[in-house]
Amino acid sequence: MSSVDLLARFWDDPVDYDARPASTEPKRSRPRRVVTLVTLVIVGLLFAAAYRNTVAAAPGQAEAHEKLREDIAQQRLENGESAAEAGKLRDEVNELRDDLIGSQDQVDQLHDTEALAGLRAVTGDGMTVTIADGPGPEDSSRTDLGAVYDKDLQLAVNAAWAYGAEAVSIDDQRLTSTSSIRAAGKAILVDFAAVESPYTIKVIGPDEMLEQFETSAIAETFADYEKRYGITMTVTQDSDMTLPAAPASALNHASPKEGN
């Protein structure tokens, strides 16, 4: 075959270097298949063990959760009893103090000052503002826009003070000049005491306070909340309300007067 004929053959029948005979394709080795199968079996066993442990631990977790709830309820009950006992002791101490003062005018002046400071129980006419959560979302993973926040209670309380409130309490927690309303997780605390929906705000103040509150910007805000999120706020006139005294705050910098 001449060189011319050889070139013509390559031209008419080119060699495909990418093509590979079927017989030359690499075959998966048996050991590799065994390793893959063993790996899948081990992964399956791990998932099965994890599921079994989760199911086995579920009753214990539910029991522990229920026990925790019972402990919290018991502690709240004990705290309430301790607070009531502390209130009785405080009244006894105040009576002894009044006896030592002697002058009735001075005693009356002291009582008025304590009432204004929130450190003495008071009785009077005013209004009751009740704020309640709206319906929660069906999907628990979504944000609960129907929940009342601490700032909502702050707005209502500040509006009451602005319209002449003389004494305010939230769920029987008397507010003072140093009181705080803040969130702790999903709970709302008033001076470290948890309050729950519906939140009852009792306000003692002048007669015109109710009308001013109902026509205020705060009332319009909550009306919008009700349309959007289902949060409700009702305002009713109330009379002869009794608001408890707030716990006396600790004295950190006071010292006895010389000569006493």
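Description of the structure in this document.

Calculation notes
- Residue numbers restart at each chain and count upward from 1, following the sequence in its written direction.
- Reporting in this predicted model follows two pLDDT cut-offs: at least 70 for local features of residues, and 80 or more for side-chain atom pairs to be given and counted; totals over whole chains, interfaces and linings ignore these cut-offs and use all residues.
- To get the side-chain values, all heavy atoms of the structure are used, and hydrogens and water are removed first.
- As used here, the term nonpolar core means buried Ala, Val, Leu, Ile, Met, Phe, Trp, Tyr and Cys residues forming a set that is joined through side-chain atoms within 4.5 Å.
- A 1.4 Å probe rolled over the protein chains alone gives each residue an accessible area, and that area as a share of the maximum for its type sets the label: buried under 20%, exposed over 50%, partly exposed in between.
- Runs of E in the DSSP output that reach at least two residues are strands. Runs of H or I that reach at least four are helices, and both are numbered from the N terminus.
- Note on definitions: a residue-residue contact is assigned when non-hydrogen atoms from the two residues lie within 4.5 Å.
- Stacked, tilted and edge-to-face are the three classes assigned to paired rings of Phe, Tyr and Trp, where Trp is represented by its six-membered ring and a pair needs centres within 6.5 Å; plane angles under 30 degrees give stacked, over 60 edge-to-face, the rest tilted.
- Two strands are said to pair when DSSP picks up at least two bridges between them.
- Here the axes come from fitting lines to C-alpha atoms, over the contacting stretch only for helices, and the angles between their N-to-C directions go from 0 to 180 degrees.

## Quick word on the nonpolar core
Alright, step 1. Within the largest apolar cluster, 30 residues are counted, with the highest numbers of intra-cluster contacts made by Met-127, Ile-131 and Ile-201.
Alright, step 2. Looking at this core, the elements with two or more residues in it are β1 (122-132), α4 (150-162), β2 (167-170), β5 (187-190), β7 (199-204), α5 (209-214), α6 (217-229) and β8 (232-243).
Alright, step 3. Each residue touching Ile-201, except ones within four places of it in the same chain, is listed here: Met-127, Thr-128, Val-129, Ile-131, Leu-153, Ala-156, Val-157, Val-168, Ser-169 and Ile-170.
Alright, step 4. Counting six residues, the second-largest nonpolar core is a separate cluster that includes Val-122, Ala-167, Met-241 and Leu-243.

## A word on the packing of aromatic side chains
Alright, step 1. Overall, the coordinates contain two aromatic pairs when judged by the stated rule.
Alright, step 2. Note on Phe-222 and Tyr-225: the rings are 5.4 Å apart at their centroids and 75 degrees apart in plane angle, and the pair reads as edge-to-face. Residue Phe-222 and its partner Tyr-225 are both found in helix α6; the two are separated by three residues, about one turn of the helix.
Alright, step 3. Overall, the relative accessible area of 3% leaves Phe-222 in the buried class.
Alright, step 4. Judged by relative accessible area, Tyr-225 falls into the buried class, the value being 17%.
Alright, step 5. Summarising the aromatic geometry, the rings of Tyr-225 and Tyr-229 are spaced 6.2 Å apart at their centres and angled 45 degrees between planes, so their arrangement reads as tilted. Residue Tyr-225 and its partner Tyr-229 are located together in helix α6, separated by four residues, close to a single helical turn.
Alright, step 6. Taken together, the aromatic side chains of Phe-222, Tyr-225 and Tyr-229 make up a single cluster linked through ring pairs.

## Some details on the sheet that holds β7
Alright, step 1. Strands sit in the order β3-β2-β7-β1-β8 across an open sheet of five strands; the sheet is antiparallel. The open sheet is flanked by β3 (173-174) and β8, the only strands paired with a single partner.
Alright, step 2. Note that β2 and β3 share two bridges and pair antiparallel. The residue of β3 that forms the bridge with Ser-169 is Arg-174.
Alright, step 3. Across the sheet, α4 lies against β1, β2 and β7, angled at about 10 degrees from β7, the strand it touches most.

## What about the sheet that holds strand β4 (residues 181-184)?
Alright, step 1. An order of β4-β5-β6 is seen for the three strands of this open sheet, with the pairing classed as antiparallel. Sheet topology places β4 and β6 (193-195) at the edges, where each strand pairs with a single neighbour. Neighbour to neighbour, the strand axes of the sheet diverge by 45 degrees on average, direction disregarded.
Alright, step 2. The pairing of β4 with β5 spans four bridges and is antiparallel. Among the inter-strand pairings, Ile-181 is bridged to a residue of β5, identified as Val-190.
Alright, step 3. With respect to the sheet, α4 is in contact with β4 and β5, its orientation differing from that of β4 by roughly 170 degrees.

## Topic: the pairing of β7
Alright, step 1. Here β1 runs beside β7; their pairing, made up of six bridges, is antiparallel. Within β7, the residue paired with Gly-126 across the bridge is Ile-204.
Alright, step 2. Alignment of β2 against β7, held across four bridges, turns out to be antiparallel. Each bridged residue has a counterpart across the sheet, and for Val-168 the counterpart in β7 is Val-203.

The quantities given are spatial measurements derived from coordinates; they are silent on function.
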